[in-house]
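Listed below are the residues making up each chain.
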Amino acid sequence: MKHLHIALASLAVLAALWPSGAQSQQELVFVGSGRKNIESFRFDLASRTLTRVGLAAEIQNPSFLFISPNHRFLYAIGEGRNAASSSISAYAIDAAAGKLTFLNKQPAGGAGPCYVEVDNAGKNALIANYGSGSFAVFPLAANGEVQPRTAFIQDQGSSVNPARQEGPHAHCLVAGPGNKFAFGCDLGLDKVMIFKFDTDKGTLVPNEPAFAKVKSGAGPRHIAFHPNGRSAYVINEMGSTISAFGYDGAAGTLHEIQTISTLPDGFSGQSTCAEVAVHPSGKYVYGSNRGDDSIAVFGCDLESGRLKFLQRVPTGGKTPRQFEIDPTCHFLLAANQDSNTVVLFSIDAATGRLQPTGTQVESDNPMCVRCLMVP
């Protein structure tokens, strides 16, 4: 119950930051593309409209973005085909202008980086290199610049699908609750790698046990932790499922408690999963389907961590690669990569269900969307 009380207290803080009057406020929305730019938009909460600001920064293949906990900096990976053309870049955010100022960049250390996040203390950037199957940690300076990497882990092995799992394919690296452990989903190995994580030194050391398994051929992609710190949810790209895990924060271990499909019963088409997110209330979990082109909504039992299907809503476009729950927790923005649209949904606080607002904007090959509350 202690963790639940903490989660509820966090929600109270959230409510204080964004009370009912927040409907008169705006958010700045950054969209990273699979081509060569980061775009910015203004999101007016009262009118539920998105208005293009314009080009925020030029960068090759910024397919994943992350905003620092202090809201001052944005980090983007440059998804190159080889290590020489792959990077992580740092930008200062000009919220008033909706622009980004380039600070610096570092080599990603591997091919095809596909994920970046900043740990909860704001001290390190964590990335995953999909093409070469590796994880890396980069310390962050006080001015936001990315420092040379202090940790690098190269995965080894394969799994049952020779077309997709011929070798390691790291898909995310996430700092767990408390920043004591980091978790890396490797699609090619069907494993969630577990590392002891030192935020001060920026180091990764394999935990014992060093991984948690998912079903062979499932292809784990992303992991999201419940705000109570007792559960985690892995979305499996190839299996079109979400695996719920119980989490032991002292030992850094995961144990599977449930795997549930994200697709309709009897679905026979081609579809792969992409993003997973837990609503800050802890009551709902969301996962995206590319092919079925939908977002599946699940209710979450706060005690057991188990999921129950609630809804599946079309994203109004093709290939929802990533989505974001906005800072007010009232909206979800989905990036439809192959239809060049970002679509806005409202979230029913009482049920967790999504409702299309009718708002969408065009964006060039959108692959990642991030929101920032501004005055």
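Residues numbered from 1 in each chain as written. Predicted model: local features only at pLDDT ≥ 70, side-chain atom pairs only at ≥ 80, totals over all residues. Heavy atoms only, no water.

1. Some words on the pattern of salt bridges
We apply this condition: Any Lys or Arg side-chain nitrogen found within 4 Å of a carboxyl oxygen on Asp or Glu counts as a salt bridge. We count a stretch as a helix when DSSP gives it H or I for four or more residues in a row; a strand needs E for two or more, and each element gets its number in order from the N terminus. Each residue gets one of three labels from its accessible area relative to the maximum for its type: buried under 20%, exposed over 50%, partly exposed in between, using a 1.4 Å probe on protein chains only.
Taken as a whole and assessed by the stated rule, the structure comprises 9 salt bridges. A salt bridge links Glu237 to Arg290, with the nearest nitrogen and oxygen atoms 3.4 Å apart. One end of the pair, Glu237, is in the loop between strand E17 (231-236) and strand E18 (241-248); the other, Arg290, is in strand E21 (residues 284-290), with 53 residues separating them in the sequence. Side by side, Glu237 and Arg290 carry an identical accessibility label, which is buried.

2. Section: empty space enclosed by the protein
Quick reminder of the rule: In the cavity and pocket records, a cavity denotes points on a 1 Å grid over the protein atoms alone where a 1.4 Å probe fits but cannot get out, a pocket denotes an open set with protein on both sides within 12 Å along at least 5 of 7 lines, and lining residues are residues with an atom within 4 Å of a point. Grid points are joined across faces, edges and corners, and a volume is the space filled by probe spheres set on the points. Three classes are used, and their members are as follows: Ala, Val, Leu, Ile, Met, Phe, Trp, Tyr, Cys and Pro are nonpolar, Asp, Glu, Lys and Arg are charged, and the others, Gly among them, are polar.
Per the counting criterion, the structure on display carries 1 cavity of 30 Å³ or more. Lining the largest cavity are Phe64, Cys114, His171, Arg221, His222, Arg321, Gln322 and Met367. Mapped by element, the contributors of at least two residues to the lining of the largest cavity are strand E16 (220-225) and strand E24 (320-325). Split by residue class, the lining of the largest cavity holds 3 nonpolar, 3 polar and 2 charged.

3. Considering the pairing of E21
Basically, it comes down to this: Paired strands, as defined in this entry, are two strands with at least two bridges between them according to DSSP.
Here E21 lies mainly inside the structure; 7 of its 7 residues are buried. Here E21 shows a buried face lined by Tyr284, Tyr286, Ser288 and Arg290 and a second buried face lined by Val285, Gly287 and Asn289. Sheet topology places strand E20 (residues 272-278) next to E21; 5 bridges connect them, and they run antiparallel. Counterpart to Cys273 in the pairing with E21 is Asn289. As consecutive antiparallel partners, E20 and E21 are separated by 5 residues, and within that stretch Gly282 has a phi angle of approximately 80 degrees, a positive value. In terms of strand pairing, E21 meets strand E22 (residues 294-300) through 6 bridges, oriented antiparallel. Residue Tyr286 lies in a different strand from E22, and its bridge partner there is Val297.

4. A look at the packing of aromatic side chains
Describing an aromatic ring pair means giving the distance of the ring centres and the angle of the ring planes. How we decide: To pair, rings of Phe, Tyr and Trp, with the six-membered ring standing in for Trp, must have centres within 6.5 Å; the planes then decide the type, stacked if under 30 degrees apart, edge-to-face if over 60, and tilted in the middle. By definition, being over a ring means that NZ of Lys or CZ of Arg is both within 6 Å of the ring centre and within 35 degrees of the ring normal.
As enumerated under the stated definition, the model contains 8 aromatic pairs in all. Aromatic side chains Tyr91 and Phe102 sit 5.7 Å apart centroid to centroid with 70 degrees between the ring planes, which places their arrangement in the edge-to-face category. Taken together, the residues span a long stretch of sequence, with Tyr91 in strand E6 (residues 87-94) and Phe102 in strand E7 (residues 99-107) at a distance of 11 residues. For Tyr91, a relative accessible area of 3% corresponds to the buried category. Aromatic pair Phe135 and Phe195: ring centres 5.7 Å apart, planes at 70 degrees, arrangement edge-to-face. Of the two residues, Phe135 is situated in strand E10 (residues 134-139) and Phe195 in strand E14 (residues 191-198); the sequence distance between them amounts to 60 residues. Taken together, the ring pairs connect Phe183, Phe225 and Tyr247 into an aromatic cluster. The ring of Phe211 has Lys191 lying over it, and the distance from NZ or CZ to the ring centre is 4.0 Å.

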